[in-house]
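This is what each chain is made of:
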Amino acid sequence: MIGIVDYGMGNLLSVYHGLEMVGAEVKVCTRGEDLKDVERIVLPGVGAFGDCMTNLTEKGFTEALNKAILHQGKPILGICLGMQAMARRGFEGGEHKGLGWIEGDVVRLQPDDPLLRVPHVGWNEVHYRQESPLFAGLPLSPDCYFVHSYHLRCDHEHDVDAICNYGGAVTAAVRRNNIFGTQFHPEKSQDYGLQVLSNFLKWKP
């Protein structure tokens with residue numbers, strides 16, 4: 001059973017359908033206590049970092065997520081803003097404290113090429129660590145779908161599982177222990193994204 005965290009800021013329907021397409025049994029979790037009954041967790045997100053953290057806290061998810069991920073070791077997939085929430089802090093509309101699972105900050109995209117617009121919207125090649133179990137079965141540089149104005153700048157290179165190039169290297173995925181996150185949207189990335197979701201179902205960190 002996979003639980004999707006519903007804190008009012010995720011594209012739940014497409015994530016739900018994507019997981020169902022790869023054979024997952026899915027439960028939408030509207031309260032922190034709902035996470036007790038699931039084996040894996042997906043944290044989606046679309047919107048602003050500060051609002052994300054406020055909603056997670058007000059709906060009782062922050063403490064429940066820390067318990068499930070840090071103490072019980074349940075695998076989690078964070079998608080887009082959901083991945084960014086795993087960082088130490090974010091700087092969208094001021095400074096906001098994140099979940100702190102990944103050492104790094106969420107900062108505004110600043111492409112080297114002035115012709116590249118922010119937000120970064122559309123398909124981009126992803127370059128992943130060849131040993132990563134979450135990208136198994138994919139070609140070397142799969143095209144995945146991005147929509148974001150901020151990105152996670154990690155303190156430690158070993159936490160970065162994949163990058164893309166958008167006027168400079170941008171973190172496309174992170175992985176640490178049982179924690180995995182993608183800046184791109186696997187549920188919108190067609191067959192390649194479904195393969196990532198399928199790999200997450202099988203992942204044994």
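Because the structure is a prediction, the values reported are computed rather than measured.

Caption draft 1: Quick peek at the pattern of salt bridges. Inspection of every chain in the model, using the stated rule, returns 9 salt bridges. Between E33 and R31 there is a salt bridge; the shortest N-O distance is 3.1 Å. Using a relative accessible area of 45% as the deciding quantity, one classes E33 as partly exposed. For R31, a relative accessible area of 44% translates into the label partly exposed. Residues R175 and D161 are paired through a salt bridge, measuring 3.0 Å at the closest nitrogen-oxygen approach. Note that R175 is positioned in strand β13 (residues 169-176) and D161 in strand β12 (residues 160-165), a separation of 14 residues in sequence.

Caption draft 2: Spatial organisation of the side chain of T182. You can see T182 is positioned in strand β14 (residues 179-182). Here T182 falls in the buried class, since its relative accessible area comes to 0%. Look past the residues within four positions of T182 in its chain and what remains in contact with it is L77, G78, I79, C80, M83, A172 and A173.

Caption draft 3: Just helix α1 (residues 12-21), in detail. Looking only at α1, the buried set comprises L12, V15, G18 and L19. Seen along its axis, α1 keeps its buried residues to an arc of 135°; they face one direction. For α1, the exposed residues lying more than 90 degrees away from the buried face are L13 and M21. Contacts made by the buried residues of α1 are with β1 (2-5), β2 (26-29), β3 (40-43), β4 (76-79) and α5 (190-202). Two residues or fewer past α1, G23 is found with a positive phi of approximately 95°.

Caption draft 4: Summary view of the pairing of strand β7 (residues 102-108). Among the 7 residues in β7, 5 count as buried, and that is most of the element. Where strand β5 (residues 87-90) lies against β7, 3 bridges are found, and the strand directions are parallel. If you follow G90 over to β7, its bridge partner there is V106. Bridge count for β7 against strand β11 (residues 150-154) is 5 bridges, and the pairing is antiparallel. Residue pairing in the sheet places G104 in a bridge with C154 of β11.

Caption draft 5: Summary view of the environment of R129. Inspection of the secondary structure assignment puts R129 in the loop between β9 (127-128) and β10 (143-148). Look at R129 and you get partly exposed, because its relative accessible area is 27%. Separated by 89 residues in sequence, R129 and R40 have C-alpha atoms that sit 23 Å apart. If near-sequence neighbours (up to four positions away) are discounted, R129 is found in contact with E157, H158, V160 and D161. A polar side-chain atom of R129 sits 2.6 Å from the main-chain carbonyl oxygen of V160.

Caption draft 6: Layout of the nonpolar core. Core analysis: the largest hydrophobic core is formed by 33 residues, its most contacted members being V5, Y7, I41, L56, L65 and I76. Elements represented by at least two residues in this core include exactly β3, α2 (49-58), α3 (61-71), α4 (81-84), β7 and β11. Of all the elements, α3 adds the most residues to this core, at 5 residues. Excluding anything up to four places from it in sequence, V5 contacts L12, C29, L35, I41, V42, L43, P44, L56, F61 and L65. I4, I79, L134 and L194 belong to the second-largest nonpolar core, a separate cluster that totals 32 residues.

Caption draft 7: Region of interest: α5. Between the first and last C-alpha of α5 there are 19 Å, a value that for 13 residues agrees with the 18 Å anticipated at 1.5 Å per step. Turning to α5, its buried residues number three or more, namely G193, L194, V196, L197, S198, N199 and F200. Buried positions along α5 lie against β1, α1, β3, β4 and β14.

Caption draft 8: Region of the structure containing the environment of A68. Along the chain, the position of A68 falls in helix α3. Put simply, A68 and V38 are 30 residues apart on the chain and 9.5 Å apart in space, counted from C-alpha to C-alpha. Aside from chain neighbours lying at most four places away, what touches A68 is I41, G73 and K74.

Conventions we followed
- Residue indices begin from 1 for each chain and proceed along its sequence in written order.
- Per-residue local features of the predicted model are confined to residues with pLDDT of at least 70, and side-chain atom pairs are confined, for both listing and counting, to 80 or more; whole-chain, interface and lining totals are unaffected and use all residues.
- For the side-chain quantities, the full set of heavy atoms in the structure was used; hydrogens and water were omitted.
- One side-chain nitrogen of Lys or Arg within 4 Å of one carboxyl oxygen of Asp or Glu is enough to make a salt bridge.
- Each residue's exposure class comes from its accessible area (1.4 Å probe, protein chains only) as a fraction of the maximum for that residue type: buried when under 20%, exposed when over 50%, partly exposed otherwise.
- Strands here mean DSSP runs of E at least two residues long; helices mean DSSP runs of H or I at least four residues long; both are numbered from the N terminus.
- Working rule for contacts: check all heavy atoms of both residues, and any pair within 4.5 Å makes them a contact.
- When we speak of the arc, we mean the arc of directions from the helix axis to the C-beta atoms.
- We treat two strands as partners when DSSP finds at least two bridges between them.
- Two N or O atoms count as a polar contact when they lie within 3.5 Å, although within protein this holds only if one can serve as hydrogen donor and the other as acceptor, and sequence-adjacent residues are included solely when both atoms are side-chain atoms.
- Only buried residues count toward a nonpolar core, which is a set of Ala, Val, Leu, Ile, Met, Phe, Trp, Tyr and Cys residues joined through side-chain atoms within 4.5 Å.
- Helix span, expected: 1.5 Å multiplied by one less than the number of residues in the helix.

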